Amino acid sequence: MPDGRAGSRAQGISTRQRWSWVDLRLVPPAGTVWLGTLAARGLPPGPVLAVAGGAAAAAVLLLRASRGRSGAAGAVVVGCLAALTVVGAVSAVRAQERTASPLPGLAARAAVVPVVAELDDDPRPLTGAGEPRVLVPATVTEVDGRRTRGDPVLVFGPADQWTGLLPGQSVRLRVAVRAAEPGDDVVAVLSARSAPTRLAGPGPVQTAAGALRTGLVRSAARTLPDRPAGLLPGLVVGDTTAMDPASTAEFRRAGLSHLTAVSGANVAIVVALVLWPLRARGADRRVQAAVAVLAIVGFVVLARPGASVLRAAVMGGVAALALASGRSRAAVPALAASVVLLLLTAPELASDAGFALSVAATAGIVLVSPSWSRALRERRLPRPVTDALAVSAAAGLVTAPLVAALSGVVSVVSLPANLLAAPAVAPATVLGLLAALVSPVLPAGADALCWLAGWPVRWLVLVAERAAAVPDGATGWPAGAPGAVLLALLIGGAAWALLRWPRLRVLALAALVGVLLLGWPLRQVDRGWPLADTVAVACDVGQGDALVLPTGPGEAVLVDAGPDGVLVAGCLDRLGVRRLPLVLLSHLDADHVAGLAGALAGRLVDEVATGALSPTDDRVPRLEQVVAAAGAGHVVLAPGERRAVGAAEVEVLAPDPARAVAGAEPNDLSMVARVTVRGVRLLLTGDLGAEAEARLVADGTDLSADVLKVPHHGSADADPGFLAASGAVVALVSVGADNSYGHPADRLLDWLAADGMRTYRTDSDGDLAVVGRAGEWGVAVRGPDVVQRATADGLPGVPVGTPGNPAAARSRRHRVAAWRRGSQRSSTARTDVAAARRGRRGGTAARPRRLGRASGGARSPPRQRGARAGRGRPPDR
């Protein structure tokens, strides 16, 4: 025993010595710059400048009071005040430039003007209404013939008109100017009203990068199956345009989605492999540094020097510094300095989830991975393997709290999946990089390299598929800052305990084995999907709608089919649906009908119904072809018509056929229907816009329901009176993760919460099921691979919405009550707080309550809001 205690003390001293020389003095100033940049967003220049002046005065007073004897703590405080001064001054200048821009004034008048803009990044394809469209980050340099200082904007336009344009290219076009959302990093949102006319080329660097990227994509498509061919460009240069939605969902569920994003961790792996032969020969560190810089520059050129790529390059360079020199003391200050410079140069990174993940991953790499790599080498593993494993494990562990905060999910398969994937990432990336480099001059050589890269890429696809299919491979976790702090404390506490008391490692291993051998099999006996008495399921199909209403054994009504047939077919398969007596299509936008063929394939289909359609809608012939191929008929339903299918009763409320005129807005012709199943009422709303919603309210249409399918994926183009008129207790939002539209909008979520509705979202909760019957019902959250049951926030014995239930009046924002099926222990489901475009998510958990509210029960009048000022239609959506 004495020897054991002495050994523990010696190990504790060794651990303290190992960390005592890590220099953290620049970390607090970097954190101050980050928080200050976030706080200054959207503020006018005056208050920001006042804060900067106050911080500068405080720093001067502190220096005078201490007379140079403030010590390390005083120096850190002075550094934080200096950082606040700088960020305040920079933010004030930017705010003044924003105020001087002519675009906000033009947006107030909804003006259409000619502009000259320079593309900041590649056009990003969007899944949405009608013809394919793109979102283009750009900088406006001229408005209506007058030069500007360079105003950042987002441009929406038809995909075919923007194909082939590269970052750095200047174009002239006419645009409709719309106001940006408060707190956005752009001055305005522009909707293209003409094709862009090219004024200046992107330059030789961007042209060469475009040729290399195109060569890689084409070579992969020629030599590899669809899934590996789509993944390889994403792995090498972050180009995921060829990845199918099912693969994207599997990588997200497996915790491998970071592989398809340009990240500092990937750069560090590549640089480590490049440096390996130099290390083996004992090359001078200056030579290693030069080679590392060349490798990073080559990566930046290939991936295009946009903001995200530069961010990854800087973070990768810091990680390479640590890997090449082994000096974490130098790497941490370099990382902090890089954060400061990047935030001062590009303030929009302060709210970028990718930036936060990149910083955290790089910190883990420079602080943790060197020691882990050394420990693995002591077991006689080759250095390239140990570096790859250590980098992957360190990055995954450190970023786990942030991933949980953003997604509301903790993936227990993420670390094993990353460890299994790690050996394949480096060879696939290097071979893909070489294929891109040789593709313009030697296509056959590029094909050969892509063929070789295809084998590790196939392994990555296999790992993602198998990890995503593991039952209970992911579990719900509190989203937002509380969830991040909780998981960080648990990980940190466990690591400290295992290092402090080595004997706990045996107990921890035994507990893990017990869970795997006993707990997990027992859990599978009690899990199941669909749940008994399922009323409706909102399928997680990305940025689109697909809702299933089970009507009998193996039968269901399908409402919309989402953007991808693979995803909606998977949802129907999980529910055991083999026959569709009725399919309702709210309207013909791609995010609602593009998956129709996949949904109908292999199933018996009776009728496909739509509302009244515009006579000029050129998508109707294609719909007729798909319906005929499935052996079904197409019918048009008018308001007042009812259909009974099994236990479901469908009542059509809109659209009025008189409004289906030539050129009518497709969203405003969305079919609105109320479906009643066992007394539980659901209001289905398609992509209805604010004007059409307000018109239904004004016409006196009965919109009452228990569950509201939120219109248009939570767009800000909504009418508060329409939402309140539903009287719903639960709101379901079908929305894609990290979508470019900012769905669901913050103010829409606020309106739902003010009306006492509990919000559930497919992007964070996966498939959502309304379960039960009138008087006793709730919402089940499937999640990535976990079944949870969540309830409306009723008190025991008192249905939600009755006068005796005080919970109806004090509903907190997006709070979720949950428990696992068949268990009385509470768990947590998730909802997001802020718009996905800005990546801020959050949520809280409540204690489990009894399911239910009596259908048609009394409900206190909804809170009245003020005027609907600022309720503008988002461009093109």
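Residues numbered from 1 in each chain as written. Predicted model: local features only at pLDDT ≥ 70, side-chain atom pairs only at ≥ 80, totals over all residues. Heavy atoms only, no water.

### Re the sheet that holds strand S16 (residues 642-645)
Pairing in this open sheet of seven strands is mixed, and the strands run S16-S17-S18-S19-S20-S21-S22 from one edge to the other. Edge positions in the open sheet fall to S16 and strand S22 (758-761), since each of these has one partner strand only. Taken pair by pair, the neighbouring strands of this sheet meet at an average axis angle of 20°, ignoring direction. Bridge count for S16 against strand S17 (residues 648-654) is four bridges, and the pairing is antiparallel. Of the residues in S17, the one forming a bridge with Val645 is Ala648. (Pairing = 2+ DSSP bridges. Helix = DSSP H or I, 4+ residues; strand = E, 2+ residues; numbered from the N terminus. Axes fitted to C-alpha atoms, helices over the stretch in contact; angles between N-to-C directions.)

### Concerning empty space enclosed by the protein
Tallied over the full model, the rule gives eight cavities of 30 Å³ or more. As a volume, the largest cavity reaches approximately 160 Å³. In this structure, the largest cavity is lined by 18 residues; those nearest its centre are Asp545, Val559, Asp560, Leu684 and Lys709. Considered class by class, the residues forming the lining of the largest cavity number eleven nonpolar, four polar and three charged. (1 Å grid on protein atoms, 1.4 Å probe; cavity = no way out; pocket = protein on both sides within 12 Å on 5 of 7 lines; lining within 4 Å. Points joined across faces, edges and corners; volume = space filled by probe spheres on them. Nonpolar A, V, L, I, M, F, W, Y, C, P; charged D, E, K, R; others polar.)

### A short note on the nonpolar core
Counting residues in hydrophobic clusters, the biggest one holds 45 residues, and the most contacted among them are Leu232, Leu256, Leu259 and Leu460. Elements with a contribution of two residues or more to this core: helix H7 (204-223), helix H8 (226-237), helix H10 (264-280), helix H11 (285-303), helix H17 (414-438) and helix H18 (443-469). The element best represented in this core is H18, accounting for ten residues. Discounting chain neighbours no more than four positions away, the residues touching Leu460 are Leu231, Leu235, Phe251, Leu259, Ala421, Ala424 and Val425. (Core = buried A, V, L, I, M, F, W, Y, C linked by side-chain atoms within 4.5 Å. Buried < 20%, exposed > 50% of the residue type's maximum accessible area, 1.4 Å probe, protein only. Contact = heavy atoms within 4.5 Å.)

### Quick notes on the pattern of salt bridges
Side chains that carry opposite charge are capable of pairing whenever their charged atoms lie near each other. A full pass over the atoms with the stated rule returns 20 salt bridges. Here Arg222 makes a salt bridge to Asp447, at a shortest N to O gap of 2.8 Å. Remark: Asp447 occurs in helix H18 and Arg222 occurs in helix H7; sequence separation between them is 225 residues. The partner of Glu555 in a salt bridge is Arg579, and the shortest N-O contact between them spans 2.8 Å. (Salt bridge = Lys/Arg side-chain N within 4 Å of Asp/Glu carboxyl O.)

### What about the state of the cysteines?
By definition, a disulfide links the sulfur atoms of two cysteine residues through a covalent bond. Summed over the entire model, instances satisfying the criterion amount to one disulfide. Linked covalently through their sulfurs, Cys539 and Cys571 form a disulfide whose S-S length is 2.0 Å. Disulfide Cys539 to Cys571: torsion about the S-S bond roughly -70°, handedness left-handed. On the criterion of sequence distance, the pair formed by Cys539 in the loop between strand S10 (534-538) and strand S11 (547-552) and Cys571 in helix H21 (residues 565-574) is long-range, its members being 32 residues apart. (Disulfide = S-S within 2.5 Å.)

### Here's the deal with the environment of Gly721
Among the secondary structure elements, Gly721 is positioned in helix H26 (residues 720-726). With a relative accessible area of 25%, Gly721 lands in the partly exposed category. For the pair Gly721 and Glu693, spaced 28 residues apart in sequence, the C-alpha separation works out to 8.2 Å.

### Regarding a nonpolar patch on the surface
Together, Trp496, Leu498, Trp501, Leu504 and Leu507 line one region of the surface with nonpolar side chains, adding up to about 500 Å² of accessible area. Elements with a contribution of two residues or more to the nonpolar patch: helix H19 (480-500) and helix H20 (504-526). Here Leu498 is to be found in helix H19. Residue classification places Leu498 among the partly exposed positions, given a relative accessible area of 30%. (Patch = residues over 30% accessible without salt bridge, like charges linked within 9 Å, V, L, I, M, F, W, Y side chains within 5 Å. Areas by Shrake-Rupley, 256 points an atom, 1.4 Å probe, with all protein chains shown as cover.)

### Description of the packing of aromatic side chains
Using the criterion set out here, one finds one aromatic pair in the structure. Ring centres of Trp451 and Trp455 lie 5.8 Å apart, and the angle between their planes is 85°; this geometry places the pair in the edge-to-face category. Pair noted here: Trp451 and Trp455 are both in helix H18, with a separation of four residues, about one helical turn. Overall, Trp451 belongs to the partly exposed group, its relative accessible area being 42%. Looking at Trp455, the relative accessible area reads 47%, which means it is partly exposed. A cation sits over an aromatic face here: Arg458 above Trp455, 4.5 Å from the ring centre. (Phe/Tyr/Trp six-rings, centres within 6.5 Å; stacked < 30°, edge-to-face > 60°. Lys NZ or Arg CZ within 6 Å of the ring centre and 35° of its normal.)

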